[in-house]
Amino acid sequence: MSESDRSHLSAAATMGGDLESKQSDLVSRIEHLVRERPYGVLCTQSRSQPYGSLAALAATDDLTTFVFATPTATRKYRLLSECDHVALVIDSRSGAPEELMQVEAVTATGRAQVVPPGIDFEHWAGLLIRRHPHLAVFVRAESSALIRVDVVRYFYVTRFQEVRQWIPSRST
């Protein structure tokens with residue numbers, strides 16, 4: 001992560017203590033969850049109705065972009081076509097009741113778009129297939145679409161009530 005990536009936090013994360021240390025810790029916690037968990041919940045909407053779908057995810061090193069694949073003959077694909085505003089939720093749940101207060105979650109909000117065939121497709125498909133080699137045939141199937149999500153911001157939650165925000169900087 002670049003220093004500029006670590007420079008955007010909500011006021012809640014900057015109150016007291018060393019700002020640089022808190023920024024670095026927040027980005028590290030988000031990065032850990034994203035790298036540790038291969039799946040997340042894609043949140044979409046249609047006609048004021050929310051929907052959640054599981055997705056196998058891959059993220060860029062700078063955490064500014066996610067990619068996943070979906071069949072085109074699904075509600076998920078239709079909803080993405082209707083509204084590009086999405087959220088991806090990744091969490092550390094294990095299911096053990098005694099770990100309840102240690103659960104962490106990150107929500108990445110952003111804009112989704114279909115990646116058309118071509119050089120960009122090969123780049124993003126490669127990223128997803130490196131993370132999920134078992135999905136190679138599915139990712140490249142004519143009946144599948146590759147979806148890229150450009151992240152606008154992250155919300156990191158721990159202890160069910162402590163929320164911090166991080167806005168990643170895009171490299172030019």
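Residues numbered from 1 in each chain as written. Predicted model: local features only at pLDDT ≥ 70, side-chain atom pairs only at ≥ 80, totals over all residues. Heavy atoms only, no water.

Q: Got a minute to help me understand the pattern of salt bridges in this structure?
A: Side-chain pairs of opposite charge can arise whenever the charged atoms involved come near each other. Summed over all chains, the structure comprises 9 salt bridges. In this structure, Glu104 engages Arg29 in a salt bridge whose closest nitrogen and oxygen atoms are separated by 2.4 Å. Of this pair, Glu104 sits in strand β6 (residues 104-114) while Arg29 is found in helix α2 (residues 19-36), placing the two residues 75 residues apart along the sequence. Residue Glu104 is classed as buried on the basis of its relative accessible area, which comes to 9%. With a relative accessible area of 35%, Arg29 lands in the partly exposed category. Of the charged contacts in the structure, one is a salt bridge between Glu31 and Arg35, with a shortest N-O distance of 4.0 Å. Of this pair, Glu31 and Arg35 both sit in helix α2, separated by 4 residues, roughly a single helical turn. For Glu31, a relative accessible area of 26% gives the class partly exposed. Judged by relative accessible area, Arg35 falls into the partly exposed class, the value being 33%. (Salt bridge = Lys/Arg side-chain N within 4 Å of Asp/Glu carboxyl O. Helix = DSSP H or I, 4+ residues; strand = E, 2+ residues; numbered from the N terminus. Buried < 20%, exposed > 50% of the residue type's maximum accessible area, 1.4 Å probe, protein only.)

Q: Help me understand the nonpolar core, please; the structure alone is not making it clear to me.
A: Grouped burial of nonpolar side chains is what soluble globular proteins tend to show. Counting 26 residues, the largest nonpolar core has Ile30, Phe66, Phe68 and Tyr154 as the members making the most contacts within it. If you list the elements that add at least two residues to this core, you get α2, β4 (65-71), β5 (85-91), β6 and β7 (144-158). A total of 6 residues in this core trace back to one element, the largest contributor, which is β7. Not counting residues up to four positions away in its chain, the partners in contact with Tyr154 are Ile30, Leu63, Phe66, Val106, Thr107, Ala108, Arg164, Gln165, Trp166 and Pro168. (Core = buried A, V, L, I, M, F, W, Y, C linked by side-chain atoms within 4.5 Å. Contact = heavy atoms within 4.5 Å.)

Q: What should I look at first to understand the environment of Val41 in this one?
A: Structurally, Val41 can be placed in strand β1 (residues 39-46). Sequence separation between Val41 and Tyr51 is 10 residues, and the spatial gap between their C-alpha atoms is 9.6 Å. Those residues in contact with Val41 that sit more than four places away from it in its chain are Gly52, Ser53, Leu54, Ala87, Leu88 and Val89.

Q: Would you take a moment to explain the pairing of β5 for this structure?
A: Where a strand is regular, its side chains alternate between the two sheet faces. In terms of burial, β5 is largely enclosed, as 5 of its 7 residues are buried. Strand direction decides the pairing type here: β1 and β5, joined by 3 bridges, are antiparallel. Bridge pairing links Cys43 to Ala87 in β5. Sheet analysis places β5 next to β6, joined by 7 bridges and oriented antiparallel. For Val86, the partnering residue across the bridge sits in β6 and is Gly110. (Pairing = 2+ DSSP bridges.)

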